[in-house]
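Structural features, examined
What follows is the residue order along each chain.
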Amino acid sequence: MLQAYKEKHAKAVIQYSIIDFNGIVLESDNVLFSPIETKNIADVHPFFESLIPLLTVENETFTFSCIHLEYNNCKITSDVILQTFNSKKSPLLIIHDLTTHYNNYQTTAQVRNESVIHSQILELKNDYLKEKEEFKNAFIANFSHELRDPLTGIITFSDILEQSGLNHQQLDYLNVLKSSSSFLKDMIDDILDLSKIEVGKLDLVIDPFNLHALLDDLKLNCIVKAKQKGLTFHYNFDEKLPKIVGGDALRLRQVLTNLINNAFKFTNEGSVTFNVSLNQIRAQKASIHFEVIDTGIGIKEEDVDRIFNSFTQVNNEDSYKGAGLGLSISKYLVELTKSKITVDSTYGEGSKFSTNINFRATPSLKLPRQKPASFSNIKKDKKYNILLVEDSEITQLSVLKILASKGQFFLDIVFTPEDVISKITNFDNEFDLVLMDIKLKENSGDEIAQLIRKLPEKQHRRIPIIALTAKVFKEDLKRYKKAGINDVIKKPFNEASLLEKMAMYLK
Ligand code: ADP
């Protein structure tokens, strides 16, 4: 029975033939090619002609793979084996039909090659897009960085000019200058944020902060804005709001400032309301509700979703300036806390922007101990030696003007590592502080800081170093800290931000 099945299903795939030394087939089982007896194998298929010279080689096995053969309607892809013996015993020719095997192999190989080519094309496309994206982001980052030095110059000299006894009209002009440069500064910050969002590098920095102080500060800003625009300002801060919470204070301020500024910007009469209430405290988390309500121009229903897109402004009037970035950045920041911004608006009547944000809230939360940052810390009767490492003339001049106006500082300016080290080690007096630009033409400030921290003399290597830089993202701050830099002053800075930070490190 089994034999019968075997005979039915087993397909003959190997043909055995005995041939003489000239290639004449003496005997064959004819399972693939038939009839071939008495024929010369070279006449069966031209391939076999190449075997004739091998027939007289004694005791050898010759194997040929993947040979296409065709004879009398039998077309196969096969392995051919020629086994020779001695001069008295005729050679054996074995033809192994492996058509299915080779076909499958070829199909698989082809599919594989195609998919390799396909994935290579995808990879190339991807690399191209990535390169383009990286170029764009690097361009934005560098370009906005380059804008900061001249901007620092404008801001500093506006401050200095303000104190130089200007008449009323000059002061008015100066105010235009100041508000334009502060607008420019905000825009640069937004563009930088956006480039970071696109590469997924904008993260929250969670630390304990004083929520009450932050809200009071925003409230004061609102009061000033309302007065300027002739609007009424209402606010309601829930008494139950915890004072110290864990969260990203800077980013919270950024989101709320954006909502508040928009409310004032798009409201020409009526009021702006800022309410903050506690939803609940549960599992060491405080859920806090923020809402900003205005009686302004409102937003059409069909436009509400669009206002969160980058560079989108839905009102076409030129009188409202802005780049249309604030809300898209705010939306992203709020989403980082797993929340969202809700808009409720009636066109022509006003808008309400609200959000619920979770903060860490435990009784044990403490504010980080900070030396009070006040210029009054600086001893009135002492002169301080400051080393400024900076190659931008605008910043050199800005720092020089600010410090000179105080009459308490000696300033030395250098910008190569050699000069920094020789200044510190050869100076008669000790330097009290190093102000270090990070992006110098030849070196980076953090490299120079590392050199200072390796100096042999204790009093040299322990000089406080404050970085002056526009690059203050998380990974930058980590790098500065690792290089031994004590603190950072963000560019563009003004007189107050420079002196307050310096005061923290001057004894
Ligand atoms: P910007 O205010 O710089 O234009 P935003 O991203 O903050 O950019 O806002 C995008 C757009 O959404 C605004 O240009 C405006 O058309 C609309 N918008 C935002 N807030 C309000 C508001 N309170 N009232 C009316 N329209 C608003």
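Presented here is a report on the structure given in the accompanying data block. (Residues numbered from 1 in each chain as written. Predicted model: local features only at pLDDT ≥ 70, side-chain atom pairs only at ≥ 80, totals over all residues. Heavy atoms only, no water.)

Describing the overall build of the protein
Counting its secondary structure elements, the protein contains 13 helices and 17 strands. For 507 residues, the compact-globule estimate of 2.2 N^0.38 gives 23 Å, and the protein exceeds it by more than 25% at 41 Å. Taking the principal axes of the C-alpha coordinates as reference, the protein spans close to 120 × 70 × 50 Å. Classification of the 507 residues of the protein by burial places 41% in the buried group. Expressed as a percentage of contacts within the protein between residues at least 6 apart in sequence, the contacts between residues at least 24 apart total 65%. When the accessible surface of the protein is split by element, carbon and sulfur atoms take 53% of a total near 29,400 Å². If the 63 positive side-chain charges of the protein are averaged to one point and the 67 negative ones to another, these points end up 9 Å apart. (Helix = DSSP H or I, 4+ residues; strand = E, 2+ residues; numbered from the N terminus. Rg over C-alpha atoms; globule rule 2.2 N^0.38 Å. Buried < 20%, exposed > 50% of the residue type's maximum accessible area, 1.4 Å probe, protein only. Contact = heavy atoms within 4.5 Å. Areas by Shrake-Rupley, 256 points an atom, 1.4 Å probe, with all protein chains shown as cover. Lys, Arg positive; Asp, Glu negative; His and termini not counted. Charge placed at Lys NZ, Arg CZ, Asp CG, Glu CD.)

Looking at the site of the ligand
Near the ligand lie 22 residues; those nearest to it are Asn262, Lys265, Gln313, Asn315 and Leu327. In this structure, an oxygen atom belonging to the ligand sits 2.8 Å away from a side-chain N or O atom of asparagine 262. Within the contact set of the ligand, a nitrogen atom lies 3.5 Å away from a side-chain nitrogen or oxygen of serine 351. Protein burial of the ligand: of its 530 Å² of free accessible surface, 97% is covered by the chains. Elements supplying a minimum of two residues to the shell around the ligand: helix H6 (249–265), helix H7 (326–336) and strand S12 (350–360). No other element matches H6, which puts four residues into the shell around the ligand. By residue class, the composition of the shell around the ligand is 10 nonpolar, 10 polar and two charged. (Near = heavy atom within 4 Å. Polar contact = N/O pair within 3.5 Å; in protein donor to acceptor, adjacent residues only side chain to side chain. Nonpolar A, V, L, I, M, F, W, Y, C, P; charged D, E, K, R; others polar.)

Some remarks on a negative patch on the surface
On the surface, Glu123, Asp127, Glu131 and Glu134 cluster together into a patch of negative charge. Here glutamate 123 shows up in helix H3 (residues 99–162). Judged by relative accessible area, which is 52%, glutamate 123 ranks as exposed. (Patch = residues over 30% accessible without salt bridge, like charges linked within 9 Å, V, L, I, M, F, W, Y side chains within 5 Å. Salt bridge = Lys/Arg side-chain N within 4 Å of Asp/Glu carboxyl O.)

A word on the sheet that holds strand S2 (residues 25–28)
Read from one edge of the open sheet, five strands run S2-S1-S5-S4-S3, paired in antiparallel fashion. Each edge of the open sheet is held by one strand with a lone partner, namely S2 and strand S3 (61–71). Pairs of neighbouring strands in the sheet enclose a mean axial angle of 30 degrees, with direction left out of account. Here strand S1 (residues 14–19) runs beside strand S5 (residues 92–97); their pairing, made up of five bridges, is antiparallel. Across the sheet, the residue bridging to isoleucine 18 is leucine 92, located in S5. Strand contacts of H3: S3, strand S4 (74–83) and S5, with the helix running at about 110 degrees to S4, the strand carrying the most contacts. (Pairing = 2+ DSSP bridges. Axes fitted to C-alpha atoms, helices over the stretch in contact; angles between N-to-C directions.)

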